[in-house]
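Here's the letter readout for the chains.
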Amino acid sequence: MVKLLIRRLRCVWFAATSFKNAKDHAKNLECSVKAGECHLKLKGIFQAAKSFEQGAMAAKELGDFKKLAELVNRAYLLYIENGTSDTAGNLLDRGGRMLEEQLPEQAVAMYKKAADLAQIQDKAGNASEMFDRAGRLLVKMEKYNDAAKVLEELLQHELSSPTAAARRYVLLLVLIHLKRDDYVAARKAYEEGTQLPDFIGSGELGIARTLLDAFDTYDAEAFKTAATGPFIRQLDPAYARLARSLKVPDGDDIPSVTPKTQPLPPPKPAAASVPAAVAPISPTASSPSSSPPAKSTTPFSVAEPQPPAMHERTTRDAVPLTSPGQAEGSVAHQEVSPEPANNDDDDDLT
């Protein structure tokens, strides 16, 4: 069985090479895929990846970009399995370039994979370049939310290992956030960029600050001057077009919780510390800070308070009066008591 596979592999590989030289791309694609399958059965992982890569180049010549993306992904996985990450990263880079016009989504995915491989291999420059390509392609597709995510990841990567292009990435992220009408995120990206060693005093910082200040103060003239200046025109054409398309919003265009076209609700009155209507309180009624009142034998109404003198009389009727001014009141009280009448009867009996 193994000998039969080897014979078949030799025939198919020779045929694929012959068709490649003859520029018969359809036969070359077919034979290359068959050769890759034979290599897989013989456990030749690297040789299988090479065969699939050759088939991907034939698919490009035929204009079959879906087949191209499929074969590139298969070869990439086989290179990773074989331990040749550099070859896998180079293949993803080439595949992304070939798919940018026809299948940009597949190209973005390949660039992201290549960036991840570069980060694993501690290749900061290659990782930044792959992220940059993915972000630029997403801007061309007008997928600004996805582009913002890619460039935010790129900025975090640059903060850990800065490169020469780190300042430019900060400016690009500010432009994308302004296109999304997210001024807060743009300001945050600017503040994070100030942590870069060479960002302070650079031209990117000046342009980003001018754009943010003009956007915040609705200064359309200053914003247009900065967005169409020579510094912006030196950027990639996709980002230059993005900057020219930016506009300073009017006051009514800014999204807010309460639209400016509607009047604000009237403010609620402050809570009063004392109720509006409070019934009269008896002098003996205690406040929360005073001591509890003495018990009274005569109930009284809160709405009709008793005079202080009468209240003292009712609460002290069992206590002898010692004040000279209250002697008459004590005599009157003793006349209604039954005790003096009993004493008179006892005197008559004796």
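Residues numbered from 1 in each chain as written. Predicted model: local features only at pLDDT ≥ 70, side-chain atom pairs only at ≥ 80, totals over all residues. Heavy atoms only, no water.

Brief notes about the overall build of the chain
Within the chain, the regular secondary structure consists of 17 helices and zero strands. Within the chain, buried positions represent 33% of all 350 residues. Within the chain, contacts between residues at least 6 apart in sequence are counted, and of these 57% link residues at least 24 apart. For the chain, the accessible surface area stands at approximately 21800 Å², while carbon and sulfur atoms represent 54% of it. (Helix = DSSP H or I, 4+ residues; strand = E, 2+ residues; numbered from the N terminus. Buried < 20%, exposed > 50% of the residue type's maximum accessible area, 1.4 Å probe, protein only. Contact = heavy atoms within 4.5 Å. Areas by Shrake-Rupley, 256 points an atom, 1.4 Å probe, with all protein chains shown as cover.)

Notes on a positive patch on the surface
Judged by side-chain charge, Lys-140, Arg-233, Arg-241 and Arg-244 come together as a positively charged surface patch. For Arg-241, the location among the structural elements is in helix α14 (residues 237–245). (Patch = residues over 30% accessible without salt bridge, like charges linked within 9 Å, V, L, I, M, F, W, Y side chains within 5 Å. Salt bridge = Lys/Arg side-chain N within 4 Å of Asp/Glu carboxyl O. Lys, Arg positive; Asp, Glu negative; His and termini not counted. Charge placed at Lys NZ, Arg CZ, Asp CG, Glu CD.)

Thoughts on the packing of aromatic side chains
Evaluation of the coordinates by the stated rule reveals three aromatic pairs. Three or more aromatic residues joined by ring pairs make a cluster, and in this case those are Tyr-183, Phe-215 and Phe-223. (Phe/Tyr/Trp six-rings, centres within 6.5 Å; stacked < 30°, edge-to-face > 60°.)

Thoughts on the environment of Ala-165
Positionally, Ala-165 belongs in the loop between α8 (144–160) and α9 (166–179). Residue class for Ala-165 comes out partly exposed when judged on its relative accessible area of 22%. The sequence separation of Ala-165 and Ser-128 amounts to 37 residues, and the corresponding C-alpha distance is 8.4 Å.

A short note on the nonpolar core
Counting residues in hydrophobic clusters, the biggest one holds 74 residues, and the most contacted among them are Ile-176, Leu-178, Leu-211 and Phe-223. Considering each element in turn, this core owes the most residues, 10 residues, to α9. Not counting the four nearest positions on each side in its chain, Phe-223 is found in contact with Leu-178, Leu-211, Ala-214, Phe-215, Leu-246, Lys-247 and Val-248. (Core = buried A, V, L, I, M, F, W, Y, C linked by side-chain atoms within 4.5 Å.)

A look at the side chain of Arg-133
Tracing the backbone shows Arg-133 in helix α7 (residues 124–140). Contact partners of Arg-133, with chain neighbours within four places excluded, come to Asp-93, Arg-97 and Tyr-111.

Details of α14
Among all positions of α14, only Ala-238, Tyr-239, Ala-240, Leu-242 and Ala-243 are buried. The distance from a side-chain oxygen at the start of α14 to the backbone nitrogen of Ala-238 is 3.0 Å, and the residue carrying that oxygen is Asp-236. (Polar contact = N/O pair within 3.5 Å; in protein donor to acceptor, adjacent residues only side chain to side chain.)

Considerations on the side chain of His-177
Among the secondary structure elements, His-177 is positioned in helix α9. Note on His-177: relative accessible area 2%, which makes it buried. If we skip the residues at most four places from it in the chain, His-177 touches Ala-148, Glu-152, Asp-182, Ala-185, Ala-186 and Ala-189.

Topic: the pattern of salt bridges
Per the counting criterion, the structure on display carries 13 salt bridges. Across the pair Glu-37 and Arg-74 runs a salt bridge, and its minimum N-O distance is 3.2 Å. Here the residue Glu-37 occupies a position in helix α2 (residues 25–41), and Arg-74 occupies one in helix α4 (residues 65–82), the gap between them amounting to 37 residues. Between Asp-93 and Arg-97 there is a salt bridge, with the nearest N and O atoms lying 3.2 Å from each other.

Some remarks on the packing of α7 against α14
Each pair of packed helices gets described by two things: the angle between the helix axes and the distance between those axes. Contact geometry of α7 with α14 gives a least axis separation of 9 Å together with a crossing angle of 45°. With respect to their mutual orientation, α7 and α14 come out oblique. Seen from above, α7 lies across α14 with left-handed handedness. Within the contact between the two elements, α7 uses Asp-132, Gly-135, Arg-136, Val-139 and Lys-140 and α14 uses Ala-238, Tyr-239 and Leu-242. (Axes fitted to C-alpha atoms, helices over the stretch in contact; angles between N-to-C directions. Parallel < 35°, antiparallel > 145°, perpendicular 65-115°, else oblique. Left-handed = near helix turned anticlockwise from the far one by under 90°.)

Details of the confidence of the model for the chain
Summing up the model confidence of the chain, the mean pLDDT is 74 and the portion of residues at 70 or higher is 68%. The low-confidence segment residues 253–305 (pLDDT under 50) makes 24 contacts with residues lying over four places distant or belonging to another chain. In this model residues 307–350 is a low-confidence stretch, pLDDT under 50, and it forms 10 contacts with partners more than four residues away in sequence or in other chains. (pLDDT = per-residue confidence, 0-100.)

Here we look at the environment of His-25
Its place among the elements puts His-25 in helix α2. According to the relative accessible area criterion, His-25 is partly exposed, its value standing at 24%. When the C-alpha atoms of His-25 and Glu-61 are compared, they prove to be 6.7 Å apart, with 36 residues separating the residues in sequence.

Quick notes on the packing of helix α11 (residues 203–217) against helix α12 (residues 220–227)
As a packed pair, α11 and α12 sit with axes 8 Å apart at the nearest point and diverge in direction by 155°. In terms of axis orientation, α11 runs roughly antiparallel to α12. In this structure, α11 meets α12 at a crossing whose hand is left-handed. Here Ile-207, Thr-210, Leu-211, Ala-214 and Phe-215 of α11 come into contact with α12, specifically with Ala-222, Phe-223, Ala-226 and Ala-227.

Points about the environment of Ala-58
By the element assignment, Ala-58 lies in helix α3 (residues 45–62). For the pair formed by Ala-58 and Asn-28, sequence separation is 30 residues and the distance between their alpha carbons is 6.5 Å. Discounting chain neighbours no more than four positions away, the residues touching Ala-58 are His-25, Asn-28 and Leu-29.

A short note on unusual backbone geometry
In this structure, Asp-122 takes a positive phi of about 60° despite not being glycine. Looking at the element boundaries, Asp-122 is found in the loop between α6 (104–120) and α7. You can call Asp-122 exposed: its relative accessible area is 71%. The phi dihedral of Glu-142 falls on the positive side, at around 65°, and the residue is not glycine. Inspection of the secondary structure puts Glu-142 in the loop between α7 and α8.

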